[in-house]
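The lines below spell out each chain.
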Amino acid sequence: MGDELELLRAADPVPAGAGRWRDRPLDARAEAGLARLLHHTRTRRAGRRLMLRAEAAVLALVAVVCFLLSDAGSTPAAAAPGPLVPHADTRPVPLAELARRAEARARAAAPGDGPHRGSHVQSWYLSMQEGPDAAPPVTVPEERITRWNADGSGSELVVATDPRHPGRPVIHDADGHWRTVSDGKVLHRRTYPAGSEAQRGGLASRTRPPTDPAKLRAQLGWLYGGAGGARTVSPLLQALSSFRGEWTPGPRETAAVVRMLADAGGLRPAGSVTDRLGRRGEAYVHDGAGLRQMVILDPRTGELLGLEETFTTDQPDFKVKAGQVMSYEAWLP
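Sequence order as written defines residue numbering, which begins from 1 separately in each chain. The predicted origin of the model limits local features to residues at a pLDDT of at least 70 and limits the giving and counting of side-chain atom pairs to 80 or more, whereas totals for whole chains, interfaces and linings rest on all residues. Based on all heavy atoms of the structure, the side-chain values leave hydrogens and waters out of the count.

## Some words on helix α9 (residues 251-264)
Quick reminder of the rule: We count a stretch as a helix when DSSP gives it H or I for four or more residues in a row; a strand needs E for two or more, and each element gets its number in order from the N terminus. By this rule, a helix spans an expected 1.5 Å times one less than how many residues it contains. Each residue is placed in one exposure class: buried if its accessible area under a 1.4 Å probe, protein chains only, is under 20% of its type's maximum, exposed if it is over 50%, and partly exposed if it falls in between. In what follows, residue pairs with any heavy atoms lying within 4.5 Å of each other are defined as contacts.
In a regular helix each residue adds 1.5 Å, so 14 residues correspond to 20 Å; α9 covers 20 Å between its end C-alpha atoms and thus fits that length. The buried fraction of α9 is high, at ten of 14 residues. Where α9 is concerned, the buried positions are Pro251, Glu253, Thr254, Ala255, Ala256, Val257, Val258, Arg259, Met260 and Leu261. For α9, the secondary structure elements touched by its buried residues are α4 (95-107), α7 (213-224), α8 (234-244) and β10 (291-297). Positive backbone phi, at 75°, marks Gly265, one or two positions downstream of α9.

## So, the packing of α8 against α9
Quick reminder of the rule: An axis is simply a line fitted to the C-alpha atoms; with a helix, the fit covers only the stretch in contact. Between two such axes, the angle follows the N-to-C directions and lies from 0 to 180 degrees. Note on angle classes: values under 35 degrees are labelled roughly parallel, values over 145 roughly antiparallel, values of 65 to 115 roughly perpendicular, and the remainder oblique. Residues are grouped as follows: Ala, Val, Leu, Ile, Met, Phe, Trp, Tyr, Cys and Pro are nonpolar; Asp, Glu, Lys and Arg are charged; every other residue, Gly included, is polar.
For the pair α8 and α9, the least separation of the axes is 12 Å and the interaxial angle reads 170°. Judged by the inter-axis angle, α8 sits roughly antiparallel to α9. Listed contacts from α9 to Leu236, Leu237, Leu240 and Phe243 of α8 are Val257, Met260, Leu261 and Ala264. Among the residues forming the contact of α8 with α9, the class breakdown is eight nonpolar, no polar and no charged.

## Some thoughts on α7
The first and last C-alpha atoms of α7 sit 16 Å apart over twelve residues, in line with the 16 Å expected at 1.5 Å per residue. A positive backbone phi angle near 85° is found at Gly225, which sits one or two residues after α7.

## Looking at the pairing of strand β3 (residues 154-160)
Filter applied, for reference: Between any two strands, pairing holds if DSSP finds at least two bridges.
For β3, the buried fraction is high: seven of the seven residues fall into the buried class. Examined bridge by bridge, strand β2 (residues 142-148) and β3 share seven bridges and lie antiparallel to one another. Bridge pairing in β3 places Arg144 opposite Val158. By the bridge criterion, seven bridges tie β3 to strand β6 (residues 185-192) in an arrangement that is antiparallel. Within β6, the residue paired with Glu156 across the bridge is Arg190.

## Some thoughts on the packing of α7 against α8
At a closest axis distance of 10 Å, the pairing of α7 and α8 adopts a crossing angle of 80°. Compared by their axis directions, α7 and α8 come out roughly perpendicular. Contacts between α7 and α8 involve Arg217, Leu220 and Tyr224 on the former and, on the latter, Leu236, Ala239, Leu240, Ser242 and Phe243. Of the residues in the contact of α7 with α8, the class split is six nonpolar, one polar and one charged.

## Focus: the pairing of strand β1 (residues 116-125)
Of all ten residues making up β1, nine are buried, and the element is well covered by its neighbours. Here two bridges tie β1 to strand β7 (residues 247-248), and the two strands are oriented antiparallel to one another. When the bridges of β7 are listed, His116 appears paired with Thr248. In the sheet, β1 pairs with β2 via six bridges, with the strands oriented antiparallel. Each residue of the ladder has a partner; that of Ser119, found in β2, is Thr146. Sheet topology note: the β1/strand β12 (residues 325-332) ladder contains six bridges and is antiparallel. For His120, the partnering residue across the bridge sits in β12 and is Leu332.

## Focus: the environment of Ser272
Secondary-structure assignment places Ser272 in strand β8 (residues 268-274). In the structure, Ser272 is positioned 184 residues away from Ala88 in sequence and 8.2 Å away in space, judged by C-alpha atoms. Contact partners of Ser272, with chain neighbours within four places excluded, come to Pro86, His87, Thr90, Arg280, Gly281 and Glu282.

## A few points about the environment of Gly118
Considering the arrangement of structural elements, one finds Gly118 in strand β1. For Gly118, a relative accessible area of 1% translates into the label buried. Apart from the residues lying within four places of it in its own chain, the contact partners of Gly118 are Thr146, Arg147, Glu246, Trp247 and Thr248.

What follows is the structure, given as structure tokens:
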């Protein structure tokens, strides 16, 4: 709790000299502090869900050192990624149009094409530290695969992937074994017997997502906070990120997600992009105070492909410049 209080103080949305009962938009510094708090909370939740032990942190450090020491004559392996840029020669697709495509796909889906518990995500987060002695950020991309079965059995795999090849997936062999990239480091690998999901998966992973957009938004609000009655789309995207870490939606849930985003407002179509896994997607952007959020959807199905957060103004307190990526997540089926 102490860390969260420190981050809230850093956000300082209502300075002492601002007068009483003032309600105003956050400035760039406060927006960055709030984003840092949300990222911190989301990361802690993911850490609890995956139950990473101390040896995982040691292996992660070894992975960083190995990546930094290899290929000394080339670009630093752990360099921060650049922001995704929409293709200039494409026509942006309105969210309402994409929602109609997703709904048509949902109507044609088979009864068994529902959501499944668990997720497959590749992520990267900028390490933001304050103070003159703060170390430069060194963050290795991470790939996480979590699966839960109907009987409550499941598996978890966390791999520190090679930052020089962030798009390389972890491969699930036909015989049921996970095969990582050749120079990736397995940080965490566990299998759980039947009945384990109730103890380890948590309420969110056991709460089936609705197919009604309004009900889905309400559920995101009470499960992850902020999304149900948020005045802006930013908390909704944060909640959607947390939800996607628990569930892989089916066609009907995907249609509800896209319609929910279209009804929420605040997202402008930015055109087509190629995401970090080489997939073509439609980008929709929300511009906040000092921070841009880009959600990427499959142009044919509406499936959620990724979410990227980029600073749009310099943040001296965190030693970051405009244009630096704060985080990205890329989801796979």
